[in-house]
Amino acid sequence: MKTVKVTNIGNVYQLTLWPKLFPVNCYIFEEENELTLIDTGMPASYKGIVKTIAEIGKPLTNIVLTHAHGDHVGSLDQLKETFKDVVVSVSNRDSRLLKGDKSLNTDEPQLPIKGGVPKKGIKTNPDRLLKEGDTIGSLKVFETPGHTPGSISLFDTKSRAIIVGDAFQTRGKLAVCGQIVKSFPFPAFGTWSKEISLRSAKKIFELKPSLLAVGHGEMIKNPNEVIKKAILEAKSV
């Protein structure tokens, strides 16, 4: 029985662990000659990731983490052992979370960082610390904090697809992270700052993406109207 469901739209492959129970997504982004993995799901995601990379038939050159929660970094160490030359990237800010450090900067809202941060940290050291405007192939980094202080989104400058981690969820309905969706409240429970999340949601909306790919839930084509609705709902709470 398959535990990882693969959904392909254009050059974006969504790999979903436990799709019917508790969907946890990671993504393979296909370039002309290489692949980038965005997030690594849970430890149980590992086999499905390796299998899909083999089926696509191109080398994995990059692993990029949208943020450092356990359900997005769960198979990182296993993958780094398998793909020894892969370049691992995370935002400069969330590199601390990757090591289990939940301390706050003095200029940040003094709210507790929530969600499943690796208690003992991850063994893998990132090769690259990302900031706004950095690029990995045709993907451009946008800082979209809120769910964690250092959350990022990856925007394909060619197709305008965007992979946002947990800045939004689509499981249950499209919602800005921090907004409670009764049928799937877990991303809200793990969100650090609802106010900053809303600012990041507006930033994503302004990019007018052609495809919205999230950490929990299905991908949405031409998502701008539903993103606008989700932002309005979040503002009214």
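Read on for an overview of the structure. (Residues numbered from 1 in each chain as written. Predicted model: local features only at pLDDT ≥ 70, side-chain atom pairs only at ≥ 80, totals over all residues. Heavy atoms only, no water.)

**A few points about the sheet that holds strand β3 (residues 24-30)**
On the basis of which strands lie adjacent, the open sheet formed by 7 strands has the order β1-β2-β3-β4-β5-β6-β7 and mixed pairing. Whereas interior strands pair on both sides, the edge strands pair on one side only; in this sheet they are β1 (4-9) and β7 (128-130). Within this sheet the neighbouring strands show an average axis-to-axis angle of 25°, counted without direction. Examined bridge by bridge, strand β4 (residues 35-38) and strand β5 (residues 60-64) share 4 bridges and lie parallel to one another. In the sheet register, Ile38 faces β5, and the bridge partner there is Val64. Against the sheet, helix α1 (residues 46-56) contacts β1, β2 (12-17), β3, β4 and β5, and its axis sits at roughly 20° relative to β3. (Pairing = 2+ DSSP bridges. Helix = DSSP H or I, 4+ residues; strand = E, 2+ residues; numbered from the N terminus. Axes fitted to C-alpha atoms, helices over the stretch in contact; angles between N-to-C directions. Contact = heavy atoms within 4.5 Å.)

**Remarks on the nonpolar core**
Residues Ile28, Leu37, Leu60 and Ile63 are the most contacted members of the largest nonpolar core, which totals 31 residues. Of all elements in the fold, only β2, β3, β4, α1, β5, α3 (76-82), β6 (87-91) and α4 (94-98) reach the threshold of two or more residues within this core. Broken down by element, this core gets its largest block of residues, 4 residues, from α1. For Ile63, the contacting residues outside a window of four places in its chain are Leu37, Thr40, Leu76, Leu79, Val86, Val87, Val88 and Ser89. Counting 19 residues, the second largest nonpolar core, distinct from the first, contains Phe155, Ile162, Leu174 and Val176. (Core = buried A, V, L, I, M, F, W, Y, C linked by side-chain atoms within 4.5 Å. Buried < 20%, exposed > 50% of the residue type's maximum accessible area, 1.4 Å probe, protein only.)

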